[in-house]
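Here are the chains, one letter per residue:
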Amino acid sequence: MAAAHKNLLQLWSKEPKDNAAVQKALNDLSTALSGANDMNDKAAALATKDLYEISVLQAINNGDFDTFDDNINQVHTYYIMVPENSENKHLMTGLHLMFLLASNRLSDFHMLLEQVPQKEQTSNAYISTPVRIEQSLMEGAYNKVVLTEKNIPNPSYSVFIRIMLDTIRREIAASIEKSFKVLTAKDAAVMLLFDNDQQMLKFAGERKWHLDGERFIFEVEVAQEKPVNLDTVRIATQTIFYAKQLEQIV
């Protein structure tokens, strides 16, 4: 067990990470721990902690969110059983909150948040980040989500922010297609929270938007993914306002 644990930590500390080697090391440690279920054994308890926490982070790196969902619940159970080894509890809870937001599981998000003391919801960056993002989503202040990615407490948070932004862009795009006959490429980029023309053009191509010079023409209704109900005027006003704020910050 000790050798498997040491090997996992060594592989995990390397950059760039060898995902295949890390996954094998996780499997090896899991096998080694299968016969050591005594959490009173400090070495076994610590190895189990690293196994669960690294499994969570590895699942994020791999984009394997079914595995993430399984492992994050194991982590929470572990912290209850071995509270003295829960120094990363806020990080793991924050990642779980981010996952629930990105999955649009808002009731689960609030149930988990209720378990966090009120003070920590505002003072701990791991927790306050998803709390602020959820508020921005409810307000429709989507550019605040973009700004949040520039000041995240852990790199893994950006994975979930990008998932949320992809969802936001699809919903805004569907609303644009139903509400505009003509829209300049510049305004479309602002509304869709893109940083450059290449991102905007790639997205437009994927949705089969027709570009005429510097504007998009929506003469023929584009097939809708699902009905949406967004206030495009409010979104446009807010995104342009926050874009100006971002320019001032930069």
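Whatever comes next refers back to the structure up there.
These figures come from a predicted structure and were not determined experimentally.

Enquirer: Would you explain the side chain of Gln58 in this entry?
Expert: Here Gln58 is to be found in helix H3 (residues 42-62). Classification of Gln58 as buried rests on a relative accessible area of 1%. Once you skip the residues sitting within four places of it in the chain, Gln58 turns out to touch Trp12, Asn19, Val22, Gln23 and Leu26.

Enquirer: Explain the nonpolar core here, please?
Expert: Side chains of nonpolar character tend, in soluble globular proteins, to be buried together. Judged by nonpolar contacts, the single largest core of 66 residues is most densely connected at Phe68, Met92, Leu95, Phe160, Leu192, Met200 and Trp209. Of the domains in this structure, domain 1 (1-181) and domain 2 (182-245) are the two that each give at least three residues to this core. Excluding anything up to four places from it in sequence, Met200 contacts Ala185, Ala188, Ala189, Leu192, Phe194, Trp209 and Phe216.

Enquirer: Honestly, the sheet that holds strand E3 (residues 215-217) in this entry has me stumped. Any pointers?
Expert: Strand pairing within a sheet occurs via backbone hydrogen bonds; the two strands may be parallel or antiparallel. If you walk across this open sheet you meet the three strands as E1-E3-E2, and the pairing is antiparallel. In this open sheet, the two edge strands, each paired with only one partner strand, are strand E1 (182-184) and strand E2 (210-212). Strand-to-strand twist across the sheet, computed as the mean angle between neighbouring axes with direction ignored, equals 35°. Taken together, the three bridges between E1 and E3 define a ladder with antiparallel strand orientation. Bridged to Val182 within E3 is Ile217.

Enquirer: Is there a simple way to think about the pattern of salt bridges in this case?
Expert: What the rule picks out here adds up to 11 salt bridges. One salt bridge connects Lys49 with Glu87, and the closest N-O pair in it is separated by 3.2 Å. Within this pair, whereas Lys49 is found in helix H3, its partner Glu87 is found in the loop between helix H4 (65-81) and helix H5 (89-102), the two being separated by 38 residues in sequence. Overall, the relative accessible area of 53% leaves Glu87 in the exposed class. Across the pair Glu149 and Arg162 runs a salt bridge whose closest N-O atoms are separated by 2.9 Å.

Enquirer: Is there a simple way to explain the packing of helix H1 (residues 2-13) against helix H2 (residues 19-33) in this structure?
Expert: Each pair of packed helices gets described by two things: the angle between the helix axes and the distance between those axes. Orientation of H1 relative to H2, taken along the N-to-C sense of each, is 160°, at an axis distance of 9 Å. By the angle class used here, H1 and H2 are roughly antiparallel. Considering how the two elements wind past one another, H1 and H2 form a crossing that is left-handed. Contacts between H1 and H2 involve Ala4, His5, Asn7, Leu8, Leu11 and Trp12 on the former and, on the latter, Ala21, Val22, Ala25, Leu26, Asp28, Leu29 and Ala32.

Reading the values: rules and limits
Residues numbered from 1 in each chain as written. Predicted model: local features only at pLDDT ≥ 70, side-chain atom pairs only at ≥ 80, totals over all residues. Heavy atoms only, no water. Helix = DSSP H or I, 4+ residues; strand = E, 2+ residues; numbered from the N terminus. Buried < 20%, exposed > 50% of the residue type's maximum accessible area, 1.4 Å probe, protein only. Contact = heavy atoms within 4.5 Å. Core = buried A, V, L, I, M, F, W, Y, C linked by side-chain atoms within 4.5 Å. Domains from an automatic or database assignment. Pairing = 2+ DSSP bridges. Axes fitted to C-alpha atoms, helices over the stretch in contact; angles between N-to-C directions. Salt bridge = Lys/Arg side-chain N within 4 Å of Asp/Glu carboxyl O. Parallel < 35°, antiparallel > 145°, perpendicular 65-115°, else oblique. Left-handed = near helix turned anticlockwise from the far one by under 90°.

Geometry only, nothing functional implied.
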